Amino acid sequence: MTDVHYVTEADFQEEVVGSSMPVLVDFTATWCQPCKMIDPIVKQLAEEWDGKVKVVKLDADQNPNIMMQYGVMGIPTLMLFKGGQIRNA
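Here is a short report on the structure shown in this document. (Residues numbered from 1 in each chain as written. Predicted model: local features only at pLDDT ≥ 70, side-chain atom pairs only at ≥ 80, totals over all residues. Heavy atoms only, no water.)

### As for the packing of aromatic side chains
As enumerated under the stated definition, the model contains three aromatic pairs in all. Ring geometry for Phe12 versus Tyr70: centroids 5.5 Å apart, planes at 45°, classification tilted. Taken together, the positions of Phe12 in helix α1 (residues 12-17) and Tyr70 in the loop between α3 (64-69) and β4 (77-82) put the pair 58 residues apart, joining distant regions of the chain. Of the two residues examined, Phe12 and Tyr70, each falls in the buried class. On the numbers, 5.8 Å between centres and 80° between planes, the contact of Phe12 with Phe81 is edge-to-face. Here Phe12, found in helix α1, pairs with Phe81, found in strand β4; they are 69 residues apart in sequence, far enough to count as distant. Put simply, the rings of Phe12, Tyr70 and Phe81 touch in pairs and so form one group of aromatic residues. (Phe/Tyr/Trp six-rings, centres within 6.5 Å; stacked < 30°, edge-to-face > 60°. Helix = DSSP H or I, 4+ residues; strand = E, 2+ residues; numbered from the N terminus. Buried < 20%, exposed > 50% of the residue type's maximum accessible area, 1.4 Å probe, protein only.)

Below, the structure written as structure tokens:
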């Protein structure tokens, strides 16, 4: 399975908003059991969509400003960004 890398507040703008391809962001946390349950599905999507959609994770605990900016109230949350805009949440 494909390894999905983490983005942070420091590189979110570049990696997600500024990406030329659509980006699926998995808002997650290491302690979150439902997040662990969907992890294999997220990795499978990353593998299936390789070259078409970038798949990344964002640690909710370490990046509270991004969580607030996009109104993420609970985890896991998946958001699809295209052209810097949320297309599906």
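### A word on the pattern of salt bridges
Opposite charge on two side chains permits them to pair, given that their charged atoms come into close proximity. Counted according to the given criterion, the structure contains four salt bridges. Measuring nitrogen to oxygen at the nearest pair gives 3.3 Å for the salt bridge that ties Glu15 to Lys54. Here the residue Glu15 occupies a position in helix α1, and Lys54 occupies one in strand β3 (residues 54-59), the gap between them amounting to 39 residues. Between Lys43 and Asp39 there is a salt bridge; the shortest N-O distance is 3.3 Å. Within this pair, Lys43 and its partner Asp39 are both found in helix α2 (residues 33-48), separated by four residues, close to a single helical turn. Owing to a relative accessible area of 23%, Lys43 belongs among the partly exposed residues under this scheme. Overall, Asp39 belongs to the buried group, its relative accessible area being 17%. (Salt bridge = Lys/Arg side-chain N within 4 Å of Asp/Glu carboxyl O.)

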